[in-house]
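# Architecture and fold: a report
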Amino acid sequence: MSLGALHTDPLRLHWWKAEPNFGDAINPLIVGHVARRPVEHVGPRKADLFAIGSMMQVVKRTQKAARPKGEKLCVWGTGLLNPLFGHEFLDNVELALLRGPITAALLKQEMTRFGDPGLLINEVLPFEGTRSDRIGIVPHYSLMGDASLEAFVAADPAYLLIDPRGDAADVCLAIAGCAHVFASSLHGLIMADAYGVSNTWIVPKGQSWLKYLDYAASVGRRDMQFPLTYAQAQAVRPAPIGYADGIDAARAALYDSFPDRLKSAA
């Protein structure tokens, strides 16, 4: 790719669009911010980059063969949803950064730095409002309409249900304005961390725990060993984030690892 192309051509990024979910939809915001160039959504076989999401299974499925011109898909901050077997596809992939050490271990990669790109959202969408005393509830998108969730939200007038299927910027800023966040959405937790809002992992019914534990390990979060039930969450009182150094280290790793070849030369 020429320097001239770096000035004008959109970066070809793949992210999950099958279901409306703000955690996936922030991909072009963050990648465009770091790459300093336009971003377009493309299919996985044509992508220059995979970033936010538990999409290593998609990487494996679509990168089994080398590309005709020898270029490699770059993986930056992506993680696993479940363990996978067979790692030959990694010969056709550039691993700039993985989301966390569990993903790295399952891929048999010896890495010491990790990061989810969602941690950079506060730089893309700064929160300039006044934080309220509301407690945000950010469910996994598949749980919207769940009777247990609705009963939990109704249990306290301080609770504010934040629909993860809404406009991505609106969802992020709603999280930023809360005093505390309960989330079964992984990126509900990550957005809260990015904005310095204390948060609690609540049971992600039907979801693999791997991605949550992977992220927690990436920032050194020791209080996130398992999710709380709705009943347990009601007893939680907000406390300052105790792993800010881990968040800062992940942000530094994200900036340091983003490939120069994918940045604008402008």
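Everything that follows concerns the structure shown earlier in this document.
Remember, predicted model here, so these are calculated numbers, not experimental data.

### Describing the sheet that holds strand E3 (residues 49-50)
Here five strands make up an open sheet; going across it, the order is E2-E1-E3-E4-E5 and the pairing parallel. Two strands lie at the open edges of the sheet, namely strand E2 (39-41) and strand E5 (93-98), each paired on one side alone. Examined bridge by bridge, strand E1 (residues 11-14) and E2 share three bridges and lie parallel to one another. Bridged to leucine 13 within E2 is histidine 41. In the packing of helix H3 (residues 27-35) onto the sheet, contacts are made with E1, E2, E3 and strand E4 (73-78), and the angle to E1 comes to roughly 145 degrees. Along the sheet, helix H12 (residues 244-257) contacts E4 and E5; its crossing angle with E5, the most-contacted strand, is approximately 155 degrees.

### Structural notes on the pairing of E4
Within E4, six of the six residues are buried, which leaves the element mostly enclosed by the surrounding structure. As paired elements, E3 and E4 share two bridges and run parallel to each other. Within E4, the position partnered with phenylalanine 50 by the bridge is valine 75. For the crossover that starts at E3, traverses helix H4 (residues 56-62) and ends in the parallel E4, the hand is right-handed.

### Points about the sheet that holds strand E9 (residues 199-201)
Reading across from one edge, E7-E6-E8-E9 is the order of the four strands in this open sheet, with parallel pairing throughout. In the strand order of this sheet, the two ends are held by strand E7 (159-161) and E9, each with one partner. The average angle at which neighbouring strand axes cross in this sheet is 25 degrees, direction not considered.

### Some remarks on the pattern of salt bridges
Within the structure shown, the criterion is met by nine salt bridges. Between arginine 165 and aspartate 163 there is a salt bridge, with its nearest N and O atoms 3.0 Å apart. For arginine 165, a relative accessible area of 41% puts it in the partly exposed group. Accessibility expressed as a relative area gives 27% for aspartate 163, which makes it partly exposed.

### A word on the nonpolar core
Taken as a class, soluble globular proteins show a tendency for nonpolar side chains to be buried jointly. Grouped together as the largest cluster of nonpolar side chains are 51 residues, with contacts concentrated most on Leu49, Trp76, Ile121, Ile175 and Phe258. Discounting residues that sit within four places of it in the chain, phenylalanine 258 has contacts with Leu11, Val31, Val34, Ala35, Leu49, Trp76 and Lys263. In terms of nonpolar packing, the next biggest core, distinct from the first, is built from 20 residues, Met56, Val59, Leu73 and Leu95 among them.

### A few points about the environment of glutamate 40
Mapping glutamate 40 onto the fold places it in strand E2. The spacing of glutamate 40 and proline 10 is 30 residues in sequence and 5.9 Å in space, taken between C-alpha atoms.

### Quick notes on the packing of aromatic side chains
Under the defined criterion, the tally for this structure stands at seven aromatic pairs. Here phenylalanine 152 and tyrosine 159 contribute two aromatic rings whose centre-to-centre distance is 4.9 Å and whose plane-to-plane angle is 45 degrees, an arrangement assigned as tilted. On the basis of relative accessibility, which here comes to 3%, the residue phenylalanine 152 falls in the buried class. Residues phenylalanine 152 and phenylalanine 182 carry aromatic rings whose centres are separated by 5.8 Å and whose planes lie at 55 degrees to one another, so their mutual orientation is tilted. Highlighted residues: phenylalanine 152 in helix H7 (residues 147-154) and phenylalanine 182 in strand E8 (residues 180-183), separated in sequence by 30 residues. In textbook terms, an aromatic cluster arises when at least three aromatic residues are bridged by ring pairs, as seen for Phe152, Tyr159, Phe182 and Tyr230.

### Considerations on the pairing of strand E6 (residues 135-138)
Neither face of E6 is exposed, since Ile135 and Ile137 on one face and Gly136 and Val138 on the opposite face are all buried. Two elements, E6 and E7, share three bridges in a ladder whose sense is parallel. Each residue of the ladder has a partner; that of isoleucine 137, found in E7, is leucine 161. Remark: the E6/H7/E7 crossover connection has right-handed handedness.

Definitions and limits used
Residues numbered from 1 in each chain as written. Predicted model: local features only at pLDDT ≥ 70, side-chain atom pairs only at ≥ 80, totals over all residues. Heavy atoms only, no water. Pairing = 2+ DSSP bridges. Helix = DSSP H or I, 4+ residues; strand = E, 2+ residues; numbered from the N terminus. Contact = heavy atoms within 4.5 Å. Axes fitted to C-alpha atoms, helices over the stretch in contact; angles between N-to-C directions. Buried < 20%, exposed > 50% of the residue type's maximum accessible area, 1.4 Å probe, protein only. Right-handed = clockwise from strand over helix to strand, strands pointing away. Salt bridge = Lys/Arg side-chain N within 4 Å of Asp/Glu carboxyl O. Core = buried A, V, L, I, M, F, W, Y, C linked by side-chain atoms within 4.5 Å. Phe/Tyr/Trp six-rings, centres within 6.5 Å; stacked < 30°, edge-to-face > 60°.

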